[in-house]
Amino acid sequence: MPKRIAVLISGSGSNLQAIIDATQSGRIDGDIVAVISNKAGVFGLERAANADIPSEVLDHKSFESRESFDAAMMELIDGYNADLVVLAGFMRILTPEFVRHYQGRMFNIHPSLLPKYKGLNTHQRALDAGDKEHGCTVHFVTEELDGGPLVVQGRVSINLDDSSDSLQQKVHVVEHQIYPLAVEWFCANRVRWTEDGVIFDDQPAPAEGIQYISE
Ligand code: GAR
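Let me begin by describing the structure that accompanies this report. (Residues numbered from 1 in each chain as written. Predicted model: local features only at pLDDT ≥ 70, side-chain atom pairs only at ≥ 80, totals over all residues. Heavy atoms only, no water.)

## Examining the sheet that holds strand β8 (residues 191-194)
Here three strands make up an open sheet; going across it, the order is β8-β9-β10 and the pairing antiparallel. Every other strand in the sheet has two partners, leaving β8 and β10 (203-204) as the edge strands with one partner each. In the sheet, strand β9 (residues 197-200) pairs with β10 via two bridges, with the strands oriented antiparallel. Each bridged residue has a counterpart across the sheet, and for I199 the counterpart in β10 is P204. (Pairing = 2+ DSSP bridges. Helix = DSSP H or I, 4+ residues; strand = E, 2+ residues; numbered from the N terminus.)

Have a look at this one:
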């Protein structure tokens, strides 16, 4: 059975697009059954419409608390019977209840080589630290912000003339490779979460995640 995927966004949705493309090409054995945004008018919603995917806007500002917003989100997502929840630039901190509800079936992508640079401004922080490389990570979501077990990581080198913007662009290219890959693995039952860490092809995955080498 193809897996049912819900994608949560807050913005441009370029990662959403990469996953749409990989479902349409048949590479991912799954269907995006819903795109949910906490902001109206964002470009990701247009991408969903162009691909004939149902979308919903749930504006967090119209809820009294984080708890009530997350409860409404859960109801919405579960109404679509999603097997996998994909956070694709969804810029909200989630409640423990929400995270526990989707334990083992929710991915996030973060623009750094986790565990380095959790939180915001990751590109500038990598530059300021004088790092020689930077990248992005797909991980299972746990209650610790940007802290769940790592699935796959892609690297870019940092050159002397790189700025935060140029690094962001380089990292985006790799994000669009590793996020569809992680979703493909999940949908093919090749990757799964356990209490003891990520299992990939029936073996424990390395703590730093599978290292993706671009072709
Ligand atoms: C991506 O770069 C993603 O790594 C980042 O938001 C961007 C969304 O871009 N996510 C985070 O910073 C989460 N902490 P997109 O809307 O074009 O996919």
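## Focus on the nonpolar core
Formed by 46 residues in total, the largest nonpolar core has its most connected members in F107 and V183. It is helix α6 (residues 164-187) that provides the largest number of residues to this core, a total of 11 residues. In this structure, V183 is in contact with I5, I19, I28, L84, V86 and F107, ignoring residues within four places of it in sequence. Grouped together as the second largest cluster of nonpolar side chains are 22 residues, L76, Y80, L87 and F90 included. (Core = buried A, V, L, I, M, F, W, Y, C linked by side-chain atoms within 4.5 Å. Buried < 20%, exposed > 50% of the residue type's maximum accessible area, 1.4 Å probe, protein only. Contact = heavy atoms within 4.5 Å.)

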